[in-house]
Amino acid sequence: MKDTGASLTPVIEARGVGLTFETGDGPVRALTDVNLTIGKGEFVSFIGPSGCGKTTFLRCVAALETPTAGVLTVNGMSAEEARQARAYGYVFQAAGLYPWRTIAGNIRLPLEIMGFSKAEQQERIERVLALVDLQGFGKKYPWQLSGGMQQRASIARALAFDADILLMDEPFGALDEIVRDRLNEELLKLWARTEKTIGFVTHSIPEAVYLSTRIVVMSPRPGRITDVIESTLPRERPLDIRDSREFIEIAHRVREGLRAGHGDEV
Amino acid sequence: MRGAVCPPAPREYFGTESGGRVVKSVLPILTVLLAIVALWYGAAVWLNSTWTYDQAARAGTEVSFGALVKDTLAQERPVLPAPHQVAAGLWDGVFGQAVSSKRSLVYHGWVTLSATLLGFAIGTVLGIALAVGIVHNRAMDMSVMPWAIASQTIPILAIAPMIIVVMNSLGLQGLIPKSIISAYLSFFPVVVGIVKGLRSPDGMQLDLLRTYNASARDVLLKLRLPASLPYLFASLKVGVAASLVGAIVGELPTGAVAGLGARLLSGSYYGQTVQIWAALFAAAIVAAGLVMLIGWVERVTLGRMGLAR
């Protein structure tokens, strides 16, 4: 299995990472023997059926879960140290904006907690609102915005404190396809402008292929990596690249990988 | 086609559309009120008739139905005073007396209200403090709640005299013991409501703050407390009514000379049922006013927080 992330400055490194939950029905192996290096500026998608451990792995990187085996480093530190150093911004499936705060207030939340000065908070809020194309919506309350706009606001919130890593757990999973397409396009532009390292969990093959420089295909029972697919698409990707032969070939490989991982279960 | 013109909708008889809505919402309330008043009058005639018949028998006269109704609704010490007698007693107690008079319901109402407000404040602060402790400390979570529940199973009438006696031995009389009893009743709904409110943020919201490496204090101030406010107001409405009950009960065992409880007590000593009912209604009006006041603060606060739509 190729691991080309190693040629770039490694940001996230997993060596033999495993996580076993002890449940009443016996141990559940959510992750086994995950080896992966994500280099600086990469856009890596994790795809697989539910229970394959893609979200669990992302949560391990974020130190929201603790692996029971292996070594996981983020920015050269342990995941827990990286969390304490606020090394990443995390975007959840739901926008999770506080209803009692305005959009600007929601973006201010991490800045308040991290102790930025009032002036700097304001400056950063304006900047990230512009990044996600929500200028002028700062004074609105979340319920006044559509689902897609709320999710953009939550991305702005994750960007506000300038972490190098952006971890996204099915951020567009709850949105309809038209909104999802537009947000995918915007996310690519944002990635190009900010040069962040992005870890992106999805269950949509076109989404994974369209966005990623590398696609990690995962499989359940036990959760593991079955294939890592290098994207040959150029960095500049208009939406209609999805009709190109190359795109369809990569999508096909991902589908094959998913099928192989399933074994005789399908 | 002239014949096709529809007649105006019935609601236009009430003027504007919003006027119609007001009539629609008030009408059911008035109907129920009217039914209660009618039942009450009927019950007053029935319950007070015994005395009227006794008087007539003693005098050796017969009473006609008209005379019976007239007499039963105007007795000095009726078993059940008629609504207009209670209203007159209430009116006289509120507006017919100097505010400083011992017969003024404003005076007695204020004595009870001040104990209620102090008790409510103590109960609310205590309730919030306990709730914060319960949510943050596992030992408190395991230990405090059962005691809080147990405390509410003891009849307040049984424990109120004990509190008065203990407080008295400490040299505390009047306002403070009453407030303690009042707080004893009001802290419980606050604890239950706030614990639920503080625990209302879901795992994702807590995870989000974890990714910011937020301190427990930030989690409390920025997430848990704001999220608990809708629960707080619901609890406060129950709590303030309980506070008033506590304050009145606190006035009973001491033979207090001031307060709505004292008014109830002296009314029962002298068989002044009109006085008792007037005091009861005064208490109900105070409670309704307090609940409405909290409702107003709730609307303004949640409106400003963008939680009310």
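Keep in mind the model is a prediction, meaning the values are calculated, not measured. (Residues numbered from 1 in each chain as written. Chains lettered and ligands numbered in written order. Predicted model: local features only at pLDDT ≥ 70, side-chain atom pairs only at ≥ 80, totals over all residues.)

## A few points about the sheet that holds strand β8 (residues 197–202) of chain A
Within a beta sheet, neighbouring strands are joined by backbone hydrogen bonds and run either parallel or antiparallel to one another.
Residues and elements named next belong to chain A.
Logical step 1: What the six strands build is an open sheet, ordered β6-β7-β8-β3-β9-β10; its pairing is mixed. Two strands lie at the open edges of the sheet, namely β6 (88–91) and β10 (224–230), each paired on one side alone. Between one strand and the next, the sheet's axes are offset by a mean angle of 15°, whatever the strand orientation.
Logical step 2: Looking at chain direction, strand β7 (residues 165–169) and β8 are connected through five bridges and run parallel. Paired with Met168 across the strands is Phe200, a residue of β8.
Logical step 3: Those strands touched by helix α1 (residues 54–61) are β3 (43–47), β7, β8 and β9 (214–219), and its axis lies near 150° from that of β8. (Pairing = 2+ DSSP bridges. Helix = DSSP H or I, 4+ residues; strand = E, 2+ residues; numbered from the N terminus. Axes fitted to C-alpha atoms, helices over the stretch in contact; angles between N-to-C directions. Contact = placed C-beta atoms within 7 Å.)

## Notes on the sheet that holds strand β1 (residues 10–23) of chain A
All names here are of chain A.
Logical step 1: Taken together, four strands build an open sheet; the order of strands is β2-β1-β4-β5 and the sheet is antiparallel. In the strand order of this sheet, the two ends are held by β2 (26–39) and β5 (77–78), each with one partner.
Logical step 2: The pairing of strand β4 (residues 69–74) with β5 spans two bridges and is antiparallel. What sits directly across from Thr73, in β5, is Ser78.

## A closer look at the environment of B:Ile164
Logical step 1: Note that B:Ile164 resides in helix α6 (residues 156–169).
Logical step 2: Owing to 22 C-beta atoms within 10 Å, B:Ile164 belongs among the buried residues under this scheme. (Buried ≥ 20, exposed ≤ 12 C-beta atoms within 10 Å, placed from the backbone.)

## Here we look at the domain arrangement of chain B
Logical step 1: Taken as a whole, chain B is organised into domain 1 (2–80) and domain 2 (105–304).
Logical step 2: Between domain 1 of chain B and domain 2 of chain B, the C-alpha centre-to-centre distance is 36 Å. (Domains from an automatic or database assignment.)

## A word on the confidence of the model for chain B
All names here are of chain B.
Logical step 1: Predicted confidence across chain B gives a mean pLDDT of 86, with 92% of residues reaching 70 or more.
Logical step 2: When the criterion is pLDDT under 50, residues 1–15 qualifies, and its contacts beyond four places in sequence or with other chains add up to five contacts.
Logical step 3: Among the prediction metrics, the complex's ipTM stands at 0.88, with pTM recorded as 0.79. (pLDDT = per-residue confidence, 0-100.)

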